[in-house]
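The lines below spell out each chain.
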Amino acid sequence: MSSPDPQVRASQSAEVRQRRNDSSPTARGPVVAVTGAASGIGALLTRRLAASDEIKQVVAIDERRGDVAEAQWHVLDVRDPAIAEKLRGADVVVHLALDLDLESDPAARTAYNVRGTQTVLTAAAAAGVHRVVLCTSAMVYGALPDNDIPLSEDAELRATAEAAGVGDLLEIERLGRRAPRAHPGLNVTVVRPAVLVGGTDTALTRYFESPRLLVVAGSRPTWQFCHVEDLVSALEYAALEKVDGELAVGCDGWLEQPEVEELSGIRRMELPSAVALGAAARLHRIGLTPSPAGDLAYTMHPWVVSVSRLHEAGWRPQWTNEEVLAELLEEVAGRHTVAGRRLGRKDATAAGAAGATVALLGTAALVRRVRKARGRM
């Protein structure tokens, strides 16, 4: 992370520029373009690449300018075909301009994610880029009771579009597989992180904001996390072409549900499958929660993955599952969520007192409140 002191940042920028002007072999590395470079994972990767002696130049693309002064910035929407001109001269593109916000309109989110990926792949090929790195999620493997533990990285993608955003990720992967056939000479690397933690907000991180950990009877939850710092280092490996193909990234190993409950100190509430899935579907249908019922599968069945390809390339995670879970619990402290819906303090107090009603996800009081509010409109 860059220093908040402008003078220190200026000094660091001068040092980086001096290294880039050096005639040493490391100064002749690839030119890497990053989309979505102004915030989130894109900003972290842009900063990391800009500080690397193995990178010749970083081209940063977003709808607003970020704060990495060493990068060459272009402000535009990734769906704009003019992006092809901005990518000219780049060797590798890391595409991170995705909308995965739980609160986004699903249709608008899909339109942005799919059209943006299509445009970036086509523009990269037109600009002479030889590799595009896409970042999706290990969720594309699907959470199923008969999954191997861990899944191999070349396992069949058996996810459906029933969970939030997973349909977009599957379509992005399909576009990535088609691109080399449509554009000979263009290679595509796909990076699939496990449950991502570190300033993130997903249906799976919100699971740990609930007063009780919902466990569906007869299910076999397993948890594998990925800290954003480890994802960024894996993306750097892909950008430097130290690894390619389809690869998963995450902590080594996994945690069983009893271990998660012991480490978190949050007690479970166990429900029959029909009750949990039915209630989740009803709440999502009436607009009370952003998470469709399909999200529950990822808290019911195993979907942990092997990270063997990165290991073979020399990469190692810096975080353990236990450490990432501890950070996640610290991040969500003070937040209150039921069935993926954030609650205010008053609602959360009532929810905690409701006990079984909360765990049932049905939260009749919340349903009545929404109906009354709609009736007054």
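Since the structure is predicted, the reported quantities are computational estimates derived from the model, not experimental observations. (Residues numbered from 1 in each chain as written. Predicted model: local features only at pLDDT ≥ 70, side-chain atom pairs only at ≥ 80, totals over all residues. Heavy atoms only, no water.)

1. Considerations on empty space enclosed by the protein
Alright, step 1. Summed over the entire model, instances satisfying the criterion amount to 2 cavities of 30 Å³ or more.
Alright, step 2. Its volume calculated, the second largest cavity comes out at about 30 Å³.
Alright, step 3. Forming the walls of the second largest cavity are A194, V195, T222, Q224, W303 and V304.
Alright, step 4. Split by residue class, the lining of the second largest cavity holds 4 nonpolar, 2 polar and no charged. (1 Å grid on protein atoms, 1.4 Å probe; cavity = no way out; pocket = protein on both sides within 12 Å on 5 of 7 lines; lining within 4 Å. Points joined across faces, edges and corners; volume = space filled by probe spheres on them. Nonpolar A, V, L, I, M, F, W, Y, C, P; charged D, E, K, R; others polar.)

2. A short note on the packing of helix α8 (residues 257-264) against helix α11 (residues 321-332)
Alright, step 1. At their nearest, the axes of α8 and α11 sit 10 Å apart, and the two run at 50 degrees to each other. Judged by the inter-axis angle, α8 sits oblique to α11. In terms of crossing hand, the pair formed by α8 and α11 is right-handed. Contacts between α8 and α11 involve V260, L263 and S264 from the former and E322, L325 and L329 from the latter.
Alright, step 2. A class-by-class count of the residues in the contact of α8 with α11 yields 4 nonpolar, 1 polar and 1 charged. (Axes fitted to C-alpha atoms, helices over the stretch in contact; angles between N-to-C directions. Helix = DSSP H or I, 4+ residues; strand = E, 2+ residues; numbered from the N terminus. Parallel < 35°, antiparallel > 145°, perpendicular 65-115°, else oblique. Left-handed = near helix turned anticlockwise from the far one by under 90°. Contact = heavy atoms within 4.5 Å.)

3. Description of the sheet that holds strand β6 (residues 187-193)
Alright, step 1. Ordered by their spatial adjacency, 7 strands build an open sheet running β3-β2-β1-β4-β5-β6-β11, and the pairing between neighbours is parallel. Each of the sheet's edge strands pairs with one partner strand only, and the pair in question is β3 (72-75) and β11 (246-249). Strand-to-strand twist of the sheet, defined as the mean angle between neighbouring strand axes without regard to direction, takes the value 20 degrees.
Alright, step 2. Direction of pairing for β6 relative to β11: parallel, over a ladder of 4 bridges. Bridged to P193 within β11 is V249.
Alright, step 3. Sitting on the sheet, helix α4 (residues 106-126) is in contact with β1 (31-35), β4 (92-95), β5 (131-135) and β6, with an inclination near 180 degrees to β4. (Pairing = 2+ DSSP bridges.)

4. Description of the layout of surface pockets
Alright, step 1. In this structure, the second largest pocket encloses a volume near 230 Å³.
Alright, step 2. Taken together, 17 residues make up the lining of the second largest pocket; nearest its centre are P106, R109, H284, P290 and P292.
Alright, step 3. Residue assignment for the lining of the second largest pocket shows that the elements contributing at least two residues are α4 and α5 (166-182).
Alright, step 4. For the lining of the second largest pocket, the element with the highest residue contribution is α4, accounting for 3 residues.
Alright, step 5. Class assignment for the residues of the lining of the second largest pocket results in 7 nonpolar, 7 polar and 3 charged.

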